[in-house]
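Structural features, examined
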Amino acid sequence: HTTSAFAVFGYAAGFYVILLILENWFVFRPHIVHEAQQRRGPLGWFYRLLSLGSYDLSEKAVRYDAKWIFALAVVGIPVYVYIPKFYTDVIGVHVSAMGLILLAARLFDAVTDPAIGLISDRLNTPFGRRRPLIIAGALLTGLAILLLFNPPHMDAGAAAIWFVILIFLLFLFWSVIIVPYESL
């Protein structure tokens, strides 16, 4: 049903995916504009379409983009606040299990962040070392959030397993965005 709790959380997840896409557009806009001005043929058309006709890369425009990047990131933070509450109150995962799962996810982050940094430093693509990881991470983060907010109907134990898998994937994919981005 379109007004059920699951549907509403699905809308929130969809909204967050849109935020990620917008944030990435502002982050990559200088690259998109550069490519739109340099490329010819179908790839040039693609970049011109992505630029949305905005070719201004003045200092004022770049500062404006930075403000939007920050604003979009701040809007996304509540998603991380509401996920645990959703799984404990709506899905039925025990609060103590939730705490242990989130602790384990953060410890997992302590291992994956340096590994992603190493991969990012050694990656060599025509699009650069870091941009492909950021784009892939954004898409996968959106997918993980969508799945996290839309668990299949299952008992609390299976829901806890679903949550463990997806929260670990979410933090991994988020690291795939943030670690290379902070290195740009």
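What counts and how
- Residues numbered from 1 in each chain as written.
- Predicted model: local features only at pLDDT ≥ 70, side-chain atom pairs only at ≥ 80, totals over all residues.
- Heavy atoms only, no water.
- Helix = DSSP H or I, 4+ residues; strand = E, 2+ residues; numbered from the N terminus.
- Buried < 20%, exposed > 50% of the residue type's maximum accessible area, 1.4 Å probe, protein only.
- Contact = heavy atoms within 4.5 Å.
- Areas by Shrake-Rupley, 256 points an atom, 1.4 Å probe, with all protein chains shown as cover.
- Core = buried A, V, L, I, M, F, W, Y, C linked by side-chain atoms within 4.5 Å.
- Axes fitted to C-alpha atoms, helices over the stretch in contact; angles between N-to-C directions.
- Left-handed = near helix turned anticlockwise from the far one by under 90°.
- Nonpolar A, V, L, I, M, F, W, Y, C, P; charged D, E, K, R; others polar.
- 1 Å grid on protein atoms, 1.4 Å probe; cavity = no way out; pocket = protein on both sides within 12 Å on 5 of 7 lines; lining within 4 Å.
- Points joined across faces, edges and corners; volume = space filled by probe spheres on them.

Tallying secondary structure elements over the chain gives 6 helices and 0 strands in all. Seen in sequence order, the chain has helices and strands lined up from the N terminus as α-α-α-α-α-α. For the chain, the residues scored as buried account for 36% of the 184 residues in total. In the chain, once contacts between residues fewer than 6 apart in sequence are set aside, the share between residues at least 24 apart is 74%. Within the structure as shown, the chain displays about 10700 Å² of accessible surface, and the carbon and sulfur contribution to it stands at 72%.

In terms of nonpolar packing, the biggest core is built from 23 residues, with Ile83, Tyr87, Val93, Leu148, Phe163, Ile167 and Leu170 touching the most fellow members. Of all elements in the fold, only α1 (5-38), α3 (59-91), α4 (95-122), α5 (131-149) and α6 (156-182) reach the threshold of two or more residues within this core. Excluding residues within four positions of it along the chain, Ile167 makes contact with Ile83, Ile101, Leu102, Ala105 and Leu148. In this structure, Phe26, Ala36, Ile134 and Ala138 belong to the second largest nonpolar core, which totals 11 residues.

This brings us to the packing of α4 against α6. Here α4 crosses α6 at 35°, and the two axes come no closer than 8 Å. Once α4 is placed against α6, the crossing between them reads as right-handed. When grouped by side-chain class, the residues that make up the contact of α4 with α6 number 17 nonpolar, 4 polar and 3 charged.

Right, let's talk about the layout of surface pockets for a bit. Estimated volume of the largest pocket: approximately 550 Å³. Every residue lining the largest pocket is counted, 22 residues in all, and those nearest its centre are Asn24, Phe28, Ile32, Leu50 and Ile135. Of all the secondary-structure elements, those providing two or more residues to the lining of the largest pocket are α1, α2 (41-51) and α5. Take the lining of the largest pocket: its biggest share by element is 9 residues, from α1. Of the residues contributing to the lining of the largest pocket, the split by class is 18 nonpolar, 3 polar and 1 charged.

Nothing here speaks to function; it is all geometry.
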